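Each chain is listed here by its residues.
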Amino acid sequence: MPVGLLTLHLQIPGCTSLKEKRGRLKPLMTRLHRQFNVSVAEMDHQDAWQESLIACALVNHSEKLTRNNLQAIHQWIENYWPDVLVIQEWIEIY
């Protein structure tokens, strides 16, 4: 049973405080959880105002399906969340 991990380095332009950053990230993470049925957490850059590192974890019965679902997350963020820029992404399948 493959476990997929998607790590996204995000840039959040225009944030001027941690409170504003939280206000923009929290709805994104909630939507990712609902839309793709993944577990989502902020992993790094908690003290930086304009960047974040989030991780999405997914367990599935097929490695190919796991990879496709994780790749769809990046595309979905670019299409539906224009105020967040994906700087870099990593996909790992275990």
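> Would you explain helix H2 (residues 63–80) in this entry?
Note: α-helices contain 3.6 residues per turn, so residues at a spacing of three or four share the same orientation. A rise of 1.5 Å per residue sets the reference length of H2, with its 18 residues, at 26 Å; its end C-alpha atoms lie 26 Å apart and thus fit the reference within 8%. Buried within H2 we find Thr66, Leu70, Ile73, His74, Trp76 and Ile77. Taken down its axis, H2 places every buried residue within 160 degrees of arc, on the same side. Residues of H2 that are exposed and point more than 90 degrees away from the buried face comprise Lys64 and Tyr80. In this fold, the buried residues of H2 make contact with strand S1 (3–11), helix H1 (18–36), strand S3 (51–59) and strand S4 (85–93). Capping the start of H2, serine 62 holds a side-chain oxygen 3.3 Å from the backbone nitrogen of lysine 64, two or three residues further along.

> Could you clarify how one ought to interpret the packing of aromatic side chains in this entry?
Under the definition given, this model contains three aromatic pairs. Between tryptophan 76 and tyrosine 80, the ring centres sit 5.9 Å apart and the planes meet at 40 degrees, which makes this aromatic pair tilted. One end of the pair, tryptophan 76, and the other, tyrosine 80, are both in helix H2, four residues apart, so they sit about a helical turn from each other. For tryptophan 76, a relative accessible area of 7% puts it in the buried group. Ring geometry for tryptophan 76 and tryptophan 81: centres 5.8 Å apart, planes at 35 degrees, overall tilted. The exposure class assigned to tryptophan 81 is buried, which follows from its relative accessible area of 14%.

> How should a nonpolar patch on the surface be read in this particular structure?
A cluster of nonpolar residues, Met1, Val3, Val59 and Tyr94, forms a patch on the protein surface that exposes about 470 Å² of accessible area. Topologically, tyrosine 94 is positioned in the segment after S4. The exposure class assigned to tyrosine 94 is exposed, which follows from its relative accessible area of 58%.

> In this structure, what is going on with the confidence of the model for the chain? I would like to understand it.
Fine structural detail should not be taken from predicted coordinates in areas where pLDDT scores are low. When pLDDT is averaged along the chain, the result is 94; 100% of the residues meet or exceed 70. Within the chain, S1 carries the highest mean pLDDT (97), whereas H2 carries the lowest (94).

> Would you take a moment to explain the pairing of strand S2 (residues 39–44) for this structure?
The two faces of the sheet receive side chains in turn, since in a regular strand these alternate between them. Bridge count for S2 against S3 is five bridges, and the pairing is antiparallel. Across the sheet, residue glutamate 42 finds its bridge partner in S3, namely isoleucine 54. As consecutive antiparallel partners, S2 and S3 are separated by six residues, and within that stretch histidine 45 has a phi angle of approximately 65 degrees, a positive value.

Rules and cut-offs
- Residues numbered from 1 in each chain as written.
- Predicted model: local features only at pLDDT ≥ 70, side-chain atom pairs only at ≥ 80, totals over all residues.
- Heavy atoms only, no water.
- Helix = DSSP H or I, 4+ residues; strand = E, 2+ residues; numbered from the N terminus.
- Expected span 1.5 Å × (residues − 1).
- Buried < 20%, exposed > 50% of the residue type's maximum accessible area, 1.4 Å probe, protein only.
- Arc of directions from axis to C-beta.
- Contact = heavy atoms within 4.5 Å.
- Polar contact = N/O pair within 3.5 Å; in protein donor to acceptor, adjacent residues only side chain to side chain.
- Phe/Tyr/Trp six-rings, centres within 6.5 Å; stacked < 30°, edge-to-face > 60°.
- Patch = residues over 30% accessible without salt bridge, like charges linked within 9 Å, V, L, I, M, F, W, Y side chains within 5 Å.
- Areas by Shrake-Rupley, 256 points an atom, 1.4 Å probe, with all protein chains shown as cover.
- Salt bridge = Lys/Arg side-chain N within 4 Å of Asp/Glu carboxyl O.
- pLDDT = per-residue confidence, 0-100.
- Pairing = 2+ DSSP bridges.

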